[in-house]
Amino acid sequence: MKIFNTLTRRKEELETIEPMKLRMYVCGPTVYDFIHIGNARPMIVFDSFRRYLTFLGYQVNYVSNFTDIDDKIINRANELGISSEELANRFIDECKKDMQGMNIMPASTHPLATKEIDGMIKLIEGLIEKGYAYVGKDGTVYYDTTKFKDYGKLSHKNIDELQSGFRDLKVTGEEDKRTSTDFVLWKPKKEGEPFWKSPWCDGRPGWHTECCVMAPKYCKGALDIHAGGEDLIFPHHENEIAQYEPLYGSPYARYWMHNAFLNINNQKMSKSLGNFYTVRDVLTKFDGKVLRLFMLSTQYRAMLNFSFELMESSKASLERIENCVNNIKFTLKNKNVNVAENSKLDNIDDFNDLVVDLKTNSEFSKNELEAFDKICEFIKIYFDKLDDDFNTADAETQIYEIVRVVNQNVNENSSIAFLNAALLIIDTLLDILGIDLNSKTVQIADIDEKMIEELIEKRSEAKKAKDFAKADEIRKQLLDMGIELEDTRQGVKWKKI
Ligand code: AMP
Ligand code: ZN
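Bear in mind the structure is a predicted one, so any value in this text is a computation, not a measurement.

Draft legend 1. Looking closely at the overall build of the chain. For the chain, the count of helices and strands is 16 helices and 15 strands. The principal-axis extent of the C-alpha atoms belonging to the chain is close to 85 × 65 × 35 Å. When the 497 residues of the chain are sorted by exposure, 54% land in the buried category. In the chain, 75% of the contacts between residues at least 6 apart in sequence involve partners at least 24 apart. As displayed, the chain offers around 22600 Å² of accessible surface, 48% of which is attributable to carbon and sulfur atoms. Computing the positive centroid from 67 side-chain charges and the negative centroid from 81, the chain places the two 3 Å apart.

Here it is in structure tokens:
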């Protein structure tokens, strides 16, 4: 199969370091709040990609982290008067529930940044030793981007262009930084922040160092594929390469895959712009299968605009498929055939063998043989499209085409062989995209009520202490979760909106 490699800006044949084994790392979310459906785009796209490669016979080691220490986590935890660890753990749990609701397989490993600090310190020590990093007066460690000659190779910019992108050479707390593109590997703690001991100062690692340590550790060496949203190309992924390659003297990742943004009104959906819907919110209105069909209805490198109209249209598409499958099952039951819940095959060789056998199936009527020929053409296109830089949009279309042909041929005269074949093909092609028609909609216990009560309590305390900014912040956080507060004489009432 071919994938577009951001590093070379070409579609390239996938060739793994070890035959039929794939080491893949996907940057995961920063866990300070519920994830939004923009964050869900890489999750769904790369989960489907992983499923497809597994179907092709690859043994996929799929690693995806949670960033559980970061300024946003620390600030939010301080506002709420809880520890960063408690906040991060809470939202890791919530994120996992959302993933389950979207039928995203758990990663082979989900490393946590805070559990890998020793490895990060070792990496930074190595960079200092080799002259790629320097220590400021306050113990901040910086990476020296002028030392790495390939700096900019992923974002395809030279260092002068990259430097001009930074308006200010220094930001507060980075007094000893030499060049604007230099970045922080280790930063000193501030009052009230969690910290770890290091040779330079009590503090914590920079974000770019986290992934660069966890990825090779859990993928067991250099990566075949490193993936994430396109906003991570620069500086995050560029900076990961800059740390790994001089230290190990070998390429970090063979292929870099980046999904385009999920937009809303042609603007990137993001927490900071406030134009987001949480996965939790969307999953209370739509089945996770609908969200997947929607996310995969555009090739991953193309911008995808979110709207509830488009979600409705994906819902209608899912219903068309479900009606077709239910009709097949109903017809089979009428013929006294026991229908398996799910008849999918999970391996391309078995699938191809079966399809070849079926082409000459003597139980098929003449019409069914003709219909099956058409179905085989759509199957071929389905796989060709997935092999061409994972074009799930066109692959989905082939499923709809197959459903159309099947619908024309399902009636009381259908042969059992044709009905079974149609069922197996539809189930298998959907399963590759992570859509299991038999899965019950996972009803995520909407919102954790204990958490709401705690937040309301914290807000009341803040108000008593006349800290109205904090009280407002908590009210806004609850609103983001879809909870509206009403101050009454009896106390604070809340309701879902
Ligand atoms: P963050 O928690 O911001 O680090 O994001 C986690 C992942 O979600 C990264 O791979 C981001 O690139 C991706 N991401 C964030 N917002 C969007 C968006 N609107 N569309 C697509 N991907 C996004
Ligand atoms: Zn990362």
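Draft legend 2. How the structure looks around the site of ligand 1. Around ligand 1, a shell composed of 18 residues is seen, among which Thr30, Gly229, Asp231, Leu262 and Met269 lie nearest. For ligand 1, a nitrogen atom lies 3.2 Å from a polar atom in the backbone of Gly38. Here an oxygen atom of ligand 1 sits 2.4 Å away from a polar atom, N or O, in the side chain of Asp231. Bound to the protein, ligand 1 loses 90% of the 490 Å² it would expose on its own. When residues of the shell around ligand 1 are traced back to their parent elements, those giving at least two are helix H1 (37–55) and strand E9 (223–229). Taken together, the residues of the shell around ligand 1 break down into eight nonpolar, eight polar and two charged.

Draft legend 3. A look at a negative patch on the surface. A surface patch of like charges, here negative, comprises Asp346, Asp349, Asp350, Asp353 and Asp357. Along the chain, Asp346 turns up in the loop between helix H10 (308–334) and helix H11 (348–359).

Draft legend 4. Main features of the packing of aromatic side chains. Scanning all chains against the criterion turns up 24 aromatic pairs. When the centroid spacing of 6.2 Å and the interplanar angle of 20° are considered together, the rings of Tyr52 and Phe383 count as stacked. Here the residue Tyr52 occupies a position in helix H1, and Phe383 occupies one in helix H12 (residues 366–387), the gap between them amounting to 331 residues. Owing to a relative accessible area of 1%, Tyr52 belongs among the buried residues under this scheme. Taking relative accessible area as the criterion, Phe383 reaches 8% and is therefore assigned buried. Put simply, the rings of Phe49, Tyr52, Phe55, Phe351, Tyr382, Phe383 and Phe390 touch in pairs and so form one group of aromatic residues. Over the aromatic face of Phe195 sits the side chain of Lys189, whose NZ or CZ is 4.1 Å from the ring centroid. The ring of Phe276 carries Lys271 above its face, with NZ or CZ at 5.0 Å from the centroid.

Draft legend 5. The arrangement of the pattern of salt bridges in detail. Per the counting criterion, the structure on display carries 40 salt bridges. Linking Asp431 and Lys344 is a salt bridge whose minimum nitrogen-to-oxygen distance equals 3.8 Å. Note that Asp431 is positioned in helix H14 (residues 416–432) and Lys344 in the loop between H10 and H11, a separation of 87 residues in sequence. For Asp431, a relative accessible area of 17% gives the class buried. Across the pair Lys366 and Glu370 runs a salt bridge whose closest N-O atoms are separated by 3.4 Å. Of the two residues, Lys366 and Glu370 are both situated in helix H12; the distance of four residues between them amounts to about one turn of the helix.

Draft legend 6. Layout of the environment of Ser297. Inspection of the secondary structure assignment puts Ser297 in the loop between helix H9 (288–295) and strand E13 (304–305). C-alpha separation for the pair Ser297 and Leu429, spaced 132 residues apart in sequence, amounts to 14 Å. Setting aside its immediate chain neighbours within four residues, Ser297 contacts Ala393 and Glu396.

Draft legend 7. Expanded view of the pairing of strand E10 (residues 253–259). For E10, a buried count of six out of seven residues is recorded, marking the element as mostly surrounded by other parts of the structure. Direction of pairing for E9 relative to E10: parallel, over a ladder of six bridges. Note on E10: the bridge partner recorded for His226 is Trp256. The parallel pair E9 and E10 is bridged by helix H7 (residues 233–248), and the resulting crossover is right-handed.

Draft legend 8. Summary view of the sheet that holds E9. The sheet built from four strands is open, its strands ordered E4-E3-E9-E10 with parallel pairing. Looking along the sheet, the strands with just one partner apiece sit at the ends: strand E4 (59–64) and E10. Strand-to-strand twist of the sheet, defined as the mean angle between neighbouring strand axes without regard to direction, takes the value 20°. Contacting strand E3 (21–26), E4, E9 and E10, H1 crosses the sheet at an angle of about 165° to E4.

Draft legend 9. Just unusual backbone geometry, in detail. Here the bond from Phe234 into Pro235 is cis, since omega is 0°, no more than 30 degrees from zero. For Pro235, the position within the fold is in helix H7. With phi around 55°, Arg9 is a residue other than glycine that occupies positive phi space. Of note in this structure, Met20 is not a glycine but carries a positive phi near 60°. Note on placement: Met20 falls in the loop between strand E2 (10–13) and E3.

Draft legend 10. Broad picture of the nonpolar core. In terms of nonpolar packing, the biggest core is built from 114 residues, with Met102, Ile225, Leu291, Ile328, Phe383 and Ile426 touching the most fellow members. At 12 residues, the largest contribution of residues to this core is made by H14. Those residues in contact with Met102 that lie beyond four places of it in its chain are Ile35, Ala40, Met43, Ile44, Val279, Leu283, Leu291 and Arg292.

Draft legend 11. Quick peek at the packing of helix H2 (residues 71–80) against helix H16 (residues 468–480). At a minimum axis separation of 10 Å, H2 and H16 run at an interaxial angle of 110°. Taken together, H2 and H16 sit at an angle that is classed as roughly perpendicular. Read as a crossing pair, H2 and H16 show a hand that is left-handed. Of H16, the residues touching H2 (which contributes Arg76, Asn78, Glu79 and Leu80) are Lys470, Glu473, Ile474 and Gln477. Split into classes, the residues belonging to the contact of H2 with H16 amount to two nonpolar, two polar and four charged.

Analysis parameters
- Residues numbered from 1 in each chain as written.
- Chains lettered and ligands numbered in written order.
- Predicted model: local features only at pLDDT ≥ 70, side-chain atom pairs only at ≥ 80, totals over all residues.
- Heavy atoms only, no water.
- Helix = DSSP H or I, 4+ residues; strand = E, 2+ residues; numbered from the N terminus.
- Buried < 20%, exposed > 50% of the residue type's maximum accessible area, 1.4 Å probe, protein only.
- Contact = heavy atoms within 4.5 Å.
- Areas by Shrake-Rupley, 256 points an atom, 1.4 Å probe, with all protein chains shown as cover.
- Lys, Arg positive; Asp, Glu negative; His and termini not counted.
- Charge placed at Lys NZ, Arg CZ, Asp CG, Glu CD.
- Near = heavy atom within 4 Å.
- Polar contact = N/O pair within 3.5 Å; in protein donor to acceptor, adjacent residues only side chain to side chain.
- Nonpolar A, V, L, I, M, F, W, Y, C, P; charged D, E, K, R; others polar.
- Patch = residues over 30% accessible without salt bridge, like charges linked within 9 Å, V, L, I, M, F, W, Y side chains within 5 Å.
- Salt bridge = Lys/Arg side-chain N within 4 Å of Asp/Glu carboxyl O.
- Phe/Tyr/Trp six-rings, centres within 6.5 Å; stacked < 30°, edge-to-face > 60°.
- Lys NZ or Arg CZ within 6 Å of the ring centre and 35° of its normal.
- Pairing = 2+ DSSP bridges.
- Right-handed = clockwise from strand over helix to strand, strands pointing away.
- Axes fitted to C-alpha atoms, helices over the stretch in contact; angles between N-to-C directions.
- Core = buried A, V, L, I, M, F, W, Y, C linked by side-chain atoms within 4.5 Å.
- Parallel < 35°, antiparallel > 145°, perpendicular 65-115°, else oblique.
- Left-handed = near helix turned anticlockwise from the far one by under 90°.

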